[in-house]
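# Working through the structure, step by step
One letter stands for each residue in the lines below.
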Amino acid sequence: MTTLNEDVNYNRVARHNTPTILTEEDIRIVVSRKLGNQRFRLLSWNVSSFNKGYGFLGAYFNVTAMVSVEDNANVEELRFFAKTPPPPESTLGTFLERCDGFNKEINVYDELIPHMGVGSGGKWYVDCYFCKKDRIIVMEDITVLGYVMPDKYKPLDFQHTALMLKAIARLHSRSLILDERLHLNGQSIWNLYGEKLGEVIFRKDNSALRMLDATLMGINRIIEEVGRIKEFNSHEVDVLKKRVKTWSYKMSHLLSPSAKYRNVICHRDIWANNLMFKYGADGNPQGCCLIDFQLFRYSPPAIDVELSLHVNTDRRTRDEYYDNFIRIYYTELTEALAEEGLDEKHCLPWEIFKETRQFAKNVALVFTLLCLPIMLIGSGELKSCFDGPPEVLEDFIYRSGKANLMSYQFATIKPYQERMIECVLEVWQRLPDEPFLLPNLHQQ
């Protein structure tokens, strides 16, 4: 039973071009779900903008609630993290609305993950306490547990990468376990949730194609700069631009569910800002949580593995430890399946996983070149886009604003330039001119 102090004092919430985002009753629900069966008194609560209160697909807030639990006179502060969608009339709001992107994440928290379960292994998932369609998602604030977001300009080392891959393996294992249960009743994840696992970014609609063209404008500038630094001739630059464009316009197909290989629920957006690491007293990382589930897809597991490796590590680390990384992922997957009495040889045989990895590697090379230059844009520059006049964000998403920022970052930020040079050279040296297309269950 939840009780409320008669003299409850609550603060007005921060606004981010939205109506009041939480009510007192909402807060009671959040606290009740956090505390379980414990009785409590809500003394006060507050919502404030997160210090990095903007993102590519929403706005972020800190939520605090002061409560006394049971008959304890001591006051306890509970902290949560909330996110809201962009205003519906904004450029980003319109972009997300075409695929119901914000509610897609709500469906993940409300339906998919409860159906999958989270398993008994290490923590890989952030608890969600409250969702309101089109409005807000409230989750636990895992910084209270000591989790920290990594520096996006520093590629992950071996230890961090190993923990990331274990978290991905746990997610994939829950998908396989659910699929096996559903198969007993003649169902599948694709049948039940396929419509809720659609593509958000790499689609074939006009908005997505305009955004891709704007991104390619920036990528072409980076290719030209790398060509100048590495002394490519004009023909080589043209060949590379054509290769990237060819692959880019096939990304919708390449990232779709495979009709040939087994698919799992993939995060599909694993980069520094969607990873949280916990550290021990010795300063070494001990755990990893995946956050932000708006881009969940249904794809071969190698897609998630290769995308996460290419986006988050440098080439030297991948080349040196690649076999180790793959074994770490597969061993964790095997153990997670065994906990539920399943055999990896049935769910995801090693040879099949191996067969899909080269295909996924090529997809990852292109994905990284398209996405990392945007992911690594500085927070100050992003803030000027998201907080400025609507036409500035419109220019960033659909016209030359993104390319201008990418050129500026390349010229002024050394870690940015180093990662871009590495990406371009790897695409030049390792990516075929034309993609091999697998048959798909569904095409956008």
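Right above here is the structure, for reference.
Residues numbered from 1 in each chain as written. Predicted model: local features only at pLDDT ≥ 70, side-chain atom pairs only at ≥ 80, totals over all residues. Heavy atoms only, no water.

### Structural notes on the sheet that holds strand S9 (residues 275-279)
- Strand order in the open sheet made by the three strands is S7-S9-S10, with antiparallel pairing throughout. For this open sheet the edge positions go to strand S7 (147-148) and strand S10 (285-290), each flanked by a neighbour on one side alone.
- Against the sheet, helix H4 (residues 158-183) engages S9 and S10, with an angle of about 45° to S10. (Pairing = 2+ DSSP bridges. Helix = DSSP H or I, 4+ residues; strand = E, 2+ residues; numbered from the N terminus. Contact = heavy atoms within 4.5 Å. Axes fitted to C-alpha atoms, helices over the stretch in contact; angles between N-to-C directions.)

### Observations regarding H4
- With 26 residues, H4 extends 37 Å from end C-alpha to end C-alpha; this agrees with the ideal 38 Å at 1.5 Å per step.
- A large share of H4 lies buried, amounting to 21 of its 26 residues. (Expected span 1.5 Å × (residues − 1). Buried < 20%, exposed > 50% of the residue type's maximum accessible area, 1.4 Å probe, protein only.)

### A word on the packing of aromatic side chains
- Counted under the stated rule, the structure contains 18 aromatic pairs.
- An angle of 25° between the planes, with centres 5.3 Å apart, marks the rings of Phe158 and Phe325 as stacked. Taken together, the residues span a long stretch of sequence, with Phe158 in helix H4 and Phe325 in helix H10 (residues 315-339) at a distance of 167 residues.
- Ring geometry for Phe202 against Phe367: centres 6.1 Å apart, planes inclined by 55°, an arrangement best described as tilted. Of the two residues, Phe202 is situated in the loop between helix H5 (189-193) and helix H6 (206-229) and Phe367 in helix H12 (residues 350-375); the sequence distance between them amounts to 165 residues.
- Exposure remark for Phe202: the relative accessible area of 9% places this residue in the buried category.
- Cluster of aromatic residues (ring-pair linked, three or more members): Tyr109, Trp124, Tyr125, Phe293 and Phe296. (Phe/Tyr/Trp six-rings, centres within 6.5 Å; stacked < 30°, edge-to-face > 60°.)

### Brief notes about the pairing of strand S5 (residues 128-132)
- Summarising burial for S5: four of the five residues are buried, a large majority.
- Here S5 hands over to strand S6 (residues 136-140) after three residues, with Asp134 in that stretch at a positive phi of 70°.

### Some points on the nonpolar core
- Ranked by internal contacts, the top residues of the largest apolar core, which has 117 residues, are Met251, Tyr329, Leu370 and Phe396.
- With 14 residues, the top contributor of residues to this core is H12.
- Judged by nonpolar contacts, the second largest core, of 23 residues, contains Ile21, Trp45, Val67 and Phe130. (Core = buried A, V, L, I, M, F, W, Y, C linked by side-chain atoms within 4.5 Å.)

### A look at helix H9 (residues 301-312)
- Spanning 12 residues, H9 covers 17 Å between terminal C-alpha atoms, matching the ideal 16 Å at 1.5 Å per step.
- Among the 12 residues of H9, 12 are classified as buried, and the element is accordingly described as predominantly covered.
- When H9 is considered as a whole, its buried residues turn out to be Pro301, Ala302, Ile303, Asp304, Val305, Glu306, Leu307, Ser308, Leu309, His310, Val311 and Asn312.

### A few points about the pattern of salt bridges
- Throughout the structure, instances matching the rule amount to 29 salt bridges.
- The shortest N-O distance in the salt bridge between Lys83 and Glu105 comes to 2.9 Å. Here Glu105 lies in helix H3 (residues 101-116) and Lys83 lies in strand S4 (residues 76-84), a separation of 22 residues in the sequence. Of the two residues, Lys83 and Glu105, neither departs from the other in class, the shared state being buried.
- Among the ionic pairs, Lys260 bridges to Glu355, the shortest N-O distance being 3.9 Å. Within this pair, whereas Lys260 is found in the loop between helix H8 (251-254) and strand S8 (264-266), its partner Glu355 is found in helix H12, the two being separated by 95 residues in sequence.
- For Glu355, a relative accessible area of 42% puts it in the partly exposed group.
- Because the salt bridges share partners, they merge into one network encompassing Arg315, Arg318, Asp319, Glu426 and Arg430. (Salt bridge = Lys/Arg side-chain N within 4 Å of Asp/Glu carboxyl O.)

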